[in-house]
Amino acid sequence: MKKQRAFLKWAGGKYTLIEPIQRLLPPGDKLIEPFVGAGSVFLNTDYDKYLLNDINADLINLYKFLKRRPKTYIEDARRYFTPANNTPEAYYALRAAFNVSNDPYFRSLLFLYFNRHGYNGLCRYNASGLFNVPFGRYTGPYFPQAELEFFAEKAKKATFTCEPFQNSFRRARDTHVIYCDPPYLPLTTTANFTSYSGNGFGLDEQLLLAQKARHASLKRNIPVLISNHDTETARLFYEHAELTTLQVHRFISQNGANRKKVGELLAYFAPGIAPRRK
């Protein structure tokens, strides 16, 4: 099966890790993703149904509109991809309009525009919930029509929710599979990048996720796979999981020469496996 790219650029997107993730995900009749992000795992797996969740309301609204009225959404979004809108003045005017708008459809159109015109495809909000990514200065931002169409077609099998990740775990049943791609543990104390939804995701949330995964696998017979940085903290939190280690490129830097390989963990909590005793 040909690998499918997401229509959104995404920090920490899983396109380059699809093969090892595919190998570890077991069969089931539904895949649940509490942190769907750009949806690369959704796009490159073949479950009968999907429950795709994210805490970022702008992202989930975009997905819902694209699923419901794909042709209309694509036509409307394309109108923002013009040379006149690829200037700092136009970008910051649209960003200001976005930040005062309560219209979810208007915000969903601009969300795609910002993703392709903003700096490095970042998605970031300040403490007040205002989108604050600067202009990206790209020569000709790509309009991902084919990727949008593929996503919209596959989204017929998906339900989208915007709620805390714990709720996605509560929705799971023993015929389901859970894949978690949370905001990553920082590699250093100054490298924490958790503000893409305007909601922090700190150590307490990381630990709670690990506990939820262990409980789901051990007590509810639901397999859970989690991606994260390979750090001492991750190995402590995932001590009861089967760990796969990888070296992957990080694409958060705009300068390709600065994109270094970092350690990545895939932590698989197998269903019904009792925790190891020390």
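Residues numbered from 1 in each chain as written. Predicted model: local features only at pLDDT ≥ 70, side-chain atom pairs only at ≥ 80, totals over all residues. Heavy atoms only, no water.

Visitor: Sorry if this is basic, but what is going on with the overall build of the protein chain here?
Guide: Helices and strands together make up the secondary structure of the protein chain, namely ten helices and seven strands. In the protein chain, buried positions account for 50% of the 278 residues. Counted over contacts in the protein chain with a minimum sequence separation of 6, partners at least 24 positions apart contribute 70%. Accessible surface computed for the protein chain: about 13,500 Å², of which carbon and sulfur atoms make up 51%. (Helix = DSSP H or I, 4+ residues; strand = E, 2+ residues; numbered from the N terminus. Buried < 20%, exposed > 50% of the residue type's maximum accessible area, 1.4 Å probe, protein only. Contact = heavy atoms within 4.5 Å. Areas by Shrake-Rupley, 256 points an atom, 1.4 Å probe, with all protein chains shown as cover.)

Visitor: How do you make sense of the pattern of salt bridges when you look at a structure like this?
Guide: If the charged atoms of two oppositely charged side chains come close together, the side chains can form a pair. Under the defined criterion, the tally for this structure stands at nine salt bridges. Here Lys14 makes a salt bridge to Glu264, at a shortest N to O gap of 4.0 Å. Of this pair, Lys14 sits in the segment before α1 (18–24) while Glu264 sits in strand β7 (residues 261–269), and the two are 250 residues apart along the sequence. Residue Glu264 is classed as buried on the basis of its relative accessible area of 0%. (Salt bridge = Lys/Arg side-chain N within 4 Å of Asp/Glu carboxyl O.)

Visitor: Even after reading the chapter, I still don't get a positive patch on the surface, so can you show me in this structure?
Guide: A cluster of basic residues, Lys64, Lys67, Arg68 and Arg69, forms a positive patch at the surface. Relative to the helices and strands, Arg69 is located in the loop between α3 (57–68) and α4 (70–78). (Patch = residues over 30% accessible without salt bridge, like charges linked within 9 Å, V, L, I, M, F, W, Y side chains within 5 Å. Lys, Arg positive; Asp, Glu negative; His and termini not counted. Charge placed at Lys NZ, Arg CZ, Asp CG, Glu CD.)

Visitor: Help me out: how do you make sense of the packing of aromatic side chains in this one?
Guide: Each aromatic ring pair is specified by the distance between its two centres and by the angle formed by the two planes. The final tally for this structure, using the stated rule, is 26 aromatic pairs. Taken together, a centroid distance of 6.0 Å and an interplanar angle of 85° make the contact between Tyr47 and Tyr50 edge-to-face. Relative to Tyr105, the ring of Phe65 has its centre 5.0 Å away and its plane inclined at 80°; by these criteria the two rings are edge-to-face. Within this pair, whereas Phe65 is found in helix α3, its partner Tyr105 is found in helix α6 (residues 104–117), the two being separated by 40 residues in sequence. Residue classification places Phe65 among the buried residues on the basis of a relative accessible area of 18%. Above the face of the Tyr15 ring, Lys3 is positioned so that its terminal group lies 4.1 Å from the ring centre. Geometry around Phe98 places Arg107 over its ring, the cationic atom sitting 4.0 Å from the centre. (Phe/Tyr/Trp six-rings, centres within 6.5 Å; stacked < 30°, edge-to-face > 60°. Lys NZ or Arg CZ within 6 Å of the ring centre and 35° of its normal.)

Visitor: Please explain the pairing of strand β4 (residues 176–180) as it appears in this structure.
Guide: Consecutive side chains of a regular strand alternate in pointing toward one face of the sheet and then the other. Counted residue by residue, β4 has five buried out of five residues, so it is predominantly covered. Bridge count between strand β1 (residues 30–33) and β4: three bridges; the pairing is parallel. Bridging from a neighbouring strand, Ile32 pairs with Ile178 of β4. Here β4 runs beside strand β5 (residues 224–229); their pairing, made up of three bridges, is parallel. Bridged to Cys180 within β5 is Ile226. (Pairing = 2+ DSSP bridges.)

Visitor: What am I meant to see in the packing of α3 against α6 here?
Guide: Each pair of packed helices gets described by two things: the angle between the helix axes and the distance between those axes. Across the interface, α3 lies against α6 with an axial gap of 9 Å and an inter-helix angle of 100°. Comparing their axes, α6 and α3 come out roughly perpendicular. Listed contacts from α6 to Asp58, Leu59, Asn61, Leu62 and Phe65 of α3 are Pro104, Tyr105, Arg107, Ser108, Phe111 and Leu112. In terms of residue class, the contact of α3 with α6 is made up of seven nonpolar, two polar and two charged. (Axes fitted to C-alpha atoms, helices over the stretch in contact; angles between N-to-C directions. Parallel < 35°, antiparallel > 145°, perpendicular 65-115°, else oblique. Nonpolar A, V, L, I, M, F, W, Y, C, P; charged D, E, K, R; others polar.)

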